[in-house]
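So the chains spell out like this:
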Amino acid sequence: MIALLLVEDNQRLRTALKVGLEATGTVQVVHACGSGEEALAFCTQNDPPQAILMDVQLAGKINGIQAAVEVRREYPRLPVVFYSIQDDDAYYRDFRRSGILSHYAYVRKSNYLLPEMILPLVKDAMAGRSFIDPDVEARVQEVRQKDEQDPLALLEPNEQVVARLLAQGLTNEQIAARLGFRDKRTISRTNGQIYTVWGLNRSTTDEKVARSRAIIILQTGLLLQWDQDGLPYLIDERGAWVPWEG
């Protein structure tokens, strides 16, 4: 019998999954709960389960991936099967950052909801293997590419603050006043660093043009580049610069 911890915030589904999994004759749900906090408490206060079946969106302050990271700090590579109907970038971003490499599966709930479909995933995770639903993998890679091209991620924290105020249309004097600087030249120097990082000072364009282009980058969230004719380009999924149509 596989001692399984079931973490699902929908009580009706949690009950149905428990009944269905135990009906296979190979699973014993040793505990069922609806939050990552309770799952973590159970694992640290009792003998750990052999595997965890966990929804990604949960009640409480932490999601399923964050909860799994905390559990695996105590019990390294404890097998976890994640499933989710949510498509928020934040979940895929958390998964990328989690460092989970093995003893896991991550699938869409709609594709793997029946107990007879979940059980093989649990067994594979227990055997040290990993599986990611192709739909989930595609979204993970999409978020990875988005993050790698995130203009703000290239800036230091103080530069990010100035850039956001720049995008609101504030002048250097207004930004300086907002941030408590007496000299607007501090903001001008920070702007110069932003333009350098974003490649906006590689041509003979003046500060007004660079400022306008910086605002476009901030508003679109795309790391755009302009050629000598003033045409904007962005990097596509293959890493090539292609015209941006706006």
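Just so it is clear, the structure is predicted and the values come from calculations on it, not from any experiment. In this convention, every chain numbers its residues from 1, walking through the sequence in written order. This being a predicted model, a pLDDT of at least 70 is required before a residue's local features are given, and a value of 80 or more before pairs of side-chain atoms are given or counted; all residues contribute to the totals for chains, interfaces and linings. Water and hydrogen atoms were dropped before computing side-chain values, which therefore reflect all heavy atoms in the structure.

J.: Requested: an account of helix α8 (residues 172-179), with residues and values cited.
T.: One full turn of an α-helix is made of 3.6 residues, so residues set three or four places apart face in the same direction. Within the sequence span of α8, burial applies to Asn172, Ile175 and Ala176. Down the axis of α8, the buried set is contained in an arc of 100 degrees. They therefore lie on one face. Opposite its buried face, α8 presents the exposed residues Ala177 and Arg178, each directed more than 90 degrees away. Contacts were defined at the residue level, with two residues in contact if any of their heavy atoms lie within 4.5 Å. Helix numbers and strand numbers start at the N terminus; a helix is a DSSP run of H or I with at least 4 residues, a strand a run of E with at least 2. If you follow the buried residues of α8, they end up packed against α7 (157-167), α9 (185-197) and α10 (207-220). Gly180, located one to two residues past α8, shows a positive phi value of around 85 degrees. Think of it in three bands: with a 1.4 Å probe and only protein chains considered, a residue is buried below 20% of the maximum accessible area for its type, exposed above 50%, and partly exposed in between. Note: the arc covers the axis-to-C-beta directions of the helix.

J.: Give a description of the side chain of Asn63 that names residues and reports values.
T.: With respect to the element layout, Asn63 can be found in the loop between β3 (51-55) and α3 (64-74). Taking the relative accessible area as the measure of exposure, Asn63 reaches 10% and is therefore buried. Here Ile65 takes part through its backbone nitrogen, which lies 3.0 Å from a polar atom of the side chain of Asn63. Side-chain polar atoms of Asn63 contact the side chain of Asp94, separated by 2.8 Å. Any pair of nitrogen or oxygen atoms within 3.5 Å is treated as a polar contact; in protein, a donor-acceptor pairing is required on top of that, and neighbouring residues in sequence qualify only through side-chain atoms on both sides.

J.: Talk me through the packing of α3 against helix α4 (residues 89-98); I want residue IDs and the actual numbers.
T.: The convention used is that axes are lines fitted to C-alpha atoms, helices contributing only their stretch in contact, and that angles between N-to-C directions extend from 0 to 180 degrees. Orientation of α3 relative to α4, taken along the N-to-C sense of each, is 20 degrees, at an axis distance of 9 Å. Compared by their axis directions, α3 and α4 come out roughly parallel. For the crossing formed where α3 meets α4, the hand is left-handed. Along the contact surface, α3 presents Ile65, Gln66 and Val69, while α4 presents Tyr91, Asp94, Phe95 and Ser98. Each residue gets one label: Ala, Val, Leu, Ile, Met, Phe, Trp, Tyr, Cys and Pro are nonpolar, Asp, Glu, Lys and Arg are charged, and the others, such as Gly, are polar. Of the residues belonging to the contact of α3 with α4, the class tally is 4 nonpolar, 2 polar and 1 charged. Angles are sorted into four bins: roughly parallel if under 35 degrees, roughly antiparallel if over 145, roughly perpendicular if 65 to 115, and oblique for all others. Less than a right angle of anticlockwise turn of the near helix away from the far helix marks a crossing as left-handed, whereas a clockwise turn marks it as right-handed.

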